Amino acid sequence: MNAAHRFRAAVDNRDLTALDDLFTEDIRFYSPVKFTPFEGKPMVLGLFGVLLRTFEDFSYIGHYTGTARTSTDGTSTQSAVLLFRARVGGKEIHGIDLLHFGDDGRIKEFTVMVRPQSAVHALGEAVLAGLVADGLASAPSGQ
């Protein structure tokens, strides 16, 4: 079973220990609700703890694999695109998880894209609340 399949199984089982084994130490997670990436395994695992609590009725509905150019020098890396559906705060979300793998086969870069915009907004609010509750982010000023 390759890393993409192990990742899907870990998410389906809500297994953070399995996710820990799949991420590189310097993983970068690009979120649809934050301009800069979440960086490093501890932060990304914390984020996944929040995401696994936040998404309702989450399921992967498709899987594509291939290679992607990840740098200006033309270097390519193995990658996978996982299509998903879920709900957050009553809003239906359609999205993809784009995984790029390191030479060791573990996930080194993770990008999430979701639609529609109303779902992105609901997801952003829910994730921020979870990160603040878990001590991984500061509450926005004025709160």
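Scroll up for the structure.
Rules of the game
Residues numbered from 1 in each chain as written. Predicted model: local features only at pLDDT ≥ 70, side-chain atom pairs only at ≥ 80, totals over all residues. Heavy atoms only, no water. Helix = DSSP H or I, 4+ residues; strand = E, 2+ residues; numbered from the N terminus. Buried < 20%, exposed > 50% of the residue type's maximum accessible area, 1.4 Å probe, protein only. Phe/Tyr/Trp six-rings, centres within 6.5 Å; stacked < 30°, edge-to-face > 60°. Pairing = 2+ DSSP bridges.

Participant: Would you explain unusual backbone geometry in this entry?
Facilitator: Most peptide bonds are trans, and most residues other than glycine sit at a negative phi. Following Arg115, the chain continues into Pro116 via a peptide bond in cis, with omega recorded as -5°. Despite not being glycine, Arg14 shows a phi value in the positive range, around 55°. Within the element layout of this structure, Arg14 appears in the loop between α1 (3-12) and α2 (16-22). At Asp57, a position not held by glycine, the phi torsion is positive, near 50°. Relative to the helices and strands, Asp57 is located in strand β3 (residues 56-69). Look at Asp57 and you get exposed, because its relative accessible area is 54%.

Participant: Explain the packing of aromatic side chains here, please?
Facilitator: Aromatic ring pairs are described here by two measures, namely the spacing of the ring centres and the angle between the planes. Counted under the stated rule, the structure contains 13 aromatic pairs. With centroids separated by 5.9 Å and ring planes inclined at 85°, the aromatic side chains of Phe7 and Phe48 adopt a geometry described as edge-to-face. Pair noted here: Phe7 is in helix α1 and Phe48 is in helix α3 (residues 41-54), with a separation of 41 residues, a long-range link. On the basis of an interplanar angle of 50° and a centroid distance of 5.3 Å, the ring pair of Phe55 and Phe58 is categorised as tilted.

Participant: Explanation requested: the pairing of strand β5 (residues 91-101) in the structure shown.
Facilitator: Regular strands have side chains that alternate between both faces of the sheet. Pairing of strand β4 (residues 76-88) with β5 involves 10 bridges; the strand directions are antiparallel. Each residue of the ladder has a partner; that of Val88, found in β5, is Lys91. Here eight bridges tie β5 to strand β6 (residues 107-115), and the two strands are oriented antiparallel to one another. Across the sheet, His94 pairs through a bridge with Arg115, a residue of β6. What sits between β5 and β6 in their antiparallel hairpin is a turn of five residues, with Gly105 showing a positive phi close to 90°.

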